Amino acid sequence: MQRRSLLGLFTLTAGLVLTLANTPAHADDLYNTIMSRKAIRVAVPTDYAPYGSVGTDMTPRGYDIDMATLIGKKLGVKVELIPVTAPNRIAYLQTNKADITISSLGKTAERAKVVDFSIAYAPFFDAVFGTKKVKATSFAELNGKTVSVTRGSMQDQELEQMAPGAVVKRFEDNNSTLSAFLAGQVQMFATGTTVAAALQKMNPSLDMELKVILANAPCYVALPKGESTLLAKINMIIREARTDGTIDKFSQTWLGAPAGQLPD
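Residues numbered from 1 in each chain as written. Predicted model: local features only at pLDDT ≥ 70, side-chain atom pairs only at ≥ 80, totals over all residues. Heavy atoms only, no water.

**Student:** Hey, could you run me through the overall build of the chain in this one?
**Tutor:** Regarding its fold elements, the chain presents 9 helices and 13 strands. A total of 264 residues make up the chain; the buried ones form 44% of that total. Sequence-distant contacts, at least 24 apart, represent 69% of the contacts inside the chain between residues at least 6 apart. (Helix = DSSP H or I, 4+ residues; strand = E, 2+ residues; numbered from the N terminus. Buried < 20%, exposed > 50% of the residue type's maximum accessible area, 1.4 Å probe, protein only. Contact = heavy atoms within 4.5 Å.)

In structure tokens:
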């Protein structure tokens, strides 16, 4: 009986050792690593304005860069910006080249299998824009009004589904779509908020505002699986920034409109 007990204890101990050996050493200790290092490595875009681009002084700038700066400031650590592209922004987390990714990343079921996501920090939406004198705050109010759009684009499909009463003027490229609005040929135009923000920056005096949102796919901070302490800290920072207006300020600056209600 004693021999069986010892054998059982040995088996249990061996199993526990094996389990611990197979547990990733970094699980839930990334926060402590960052604090010890006194720096957080953030993967950001530098080719996707206005979320991230390089200014004339060769310094990264944009919504995602502002968000990275805020997180570093709130954690009390230095921010090391690591330029990434869309294909490798998650891979950089998996290969430990970055601690977190802030790169206009949308949350999908497939991505959630390999990384964890914060609550949303930024809107990413297609919308209809127009002059302030034109009243259109709902799809119904688009009825009978002229809207330029690029043929075959997502905005074209969204307008067809959501605002069938609008008088849609289709153009073969994005520049023609915008030019139609600038020339006064249409009352409004449909595009991504990034395009609208860039247009407003190029023409600061342009009479333009967001009318209705066609589709919203918010952006999230991504981090390695299992880092619950770091995730909780980042969520707290984002939630506070939503409440105190910082997120709306970022959005107004880079996207031309407040962030509004963002999902968790």
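**Student:** Would you mind going over the side chain of Asn235 with me for this structure?
**Tutor:** Assignment of secondary structure puts Asn235 in helix α8 (residues 228-243). Polar side-chain contacts of Asn235 include one of 2.8 Å to the backbone nitrogen of Ile119. With residues near it in sequence (within four places) discarded, Asn235 still touches Ser118 and Ile119. (Polar contact = N/O pair within 3.5 Å; in protein donor to acceptor, adjacent residues only side chain to side chain.)

**Student:** When you look at the sheet that holds strand β3 (residues 52-54) in this model, what are you seeing that I'm missing?
**Tutor:** Pairing between sheet strands relies on hydrogen bonds along the backbone, with the strands arranged either parallel or antiparallel. Ordered in space as β2-β3-β4, the 3 strands form an open sheet in which the pairing is antiparallel. Only two strands of the sheet have a single neighbouring strand rather than two, namely β2 (47-48) and β4 (60-61). In this structure, β3 lies alongside β4, joined through 2 bridges in antiparallel fashion. Counted as the bridge partner of Val54 is Pro60 from β4. (Pairing = 2+ DSSP bridges.)

**Student:** Help me understand helix α3 (residues 63-75), please; the structure alone is not making it clear to me.
**Tutor:** Each α-helix winds once per 3.6 residues, and so residues spaced three or four apart point in a common direction. Here α3 contains 13 residues, and its C-alpha end-to-end distance of 19 Å stays within 8% of the 18 Å for a straight helix at 1.5 Å per residue. Among the residues of α3, Tyr63, Asp64, Ile65, Met67, Ala68, Leu70, Ile71, Gly72 and Leu75 are the ones counted as buried. Just downstream of α3 lies Gly76, where phi reads positive at about 75°. (Expected span 1.5 Å × (residues − 1).)

**Student:** Teacher, can you tell me more about the environment of Ala222 here?
**Tutor:** The residue Ala222 is located in strand β13 (residues 219-224) in this model. Sequence separation between Ala222 and Asp116 is 106 residues, and the spatial gap between their C-alpha atoms is 5.7 Å.

**Student:** What is the right way to read the environment of Ser228 from this model?
**Tutor:** Relative to the helices and strands, Ser228 is located in helix α8. The class for Ser228 is partly exposed, based on a relative accessible area of 44%. Between the alpha carbons of Ser228 and Asp116 there is a distance of 9.0 Å; along the sequence they are 112 residues apart.

**Student:** What exactly am I supposed to notice about the packing of α3 against α8 here?
**Tutor:** The relative placement of two packed helices comes down to the angle between their axes together with the axis-to-axis distance. Two elements in contact, α3 and α8, have axes whose closest approach is 10 Å; the angle formed by their N-to-C orientations is 110°. One finds that α3 runs roughly perpendicular with respect to α8. Considering the relative orientation of α3 and α8, their crossing is right-handed. Contacts from Met67, Leu70, Ile71, Lys74 and Leu75 in α3 reach Lys233, Ile234, Ile237, Ile238 and Ala241 in α8. Within the contact of α3 with α8, the residues separate by chemical class into 8 nonpolar, no polar and 2 charged. (Axes fitted to C-alpha atoms, helices over the stretch in contact; angles between N-to-C directions. Parallel < 35°, antiparallel > 145°, perpendicular 65-115°, else oblique. Left-handed = near helix turned anticlockwise from the far one by under 90°. Nonpolar A, V, L, I, M, F, W, Y, C, P; charged D, E, K, R; others polar.)

**Student:** Looking at this structure, how should I read the sheet that holds strand β8 (residues 125-130)?
**Tutor:** Ordered in space as β10-β9-β11-β8-β12, the 5 strands form an open sheet in which the pairing is mixed. The sheet terminates laterally at β10 (167-171) and β12 (209-216), the two strands that pair on one side only. Ignoring strand direction, the axes of neighbouring strands in this sheet form an average angle of 25°. Bridging between β8 and strand β11 (residues 188-192) involves 5 bridges; their strand directions are antiparallel. In the strand pairing of β11, Ala127 is matched with Thr191.

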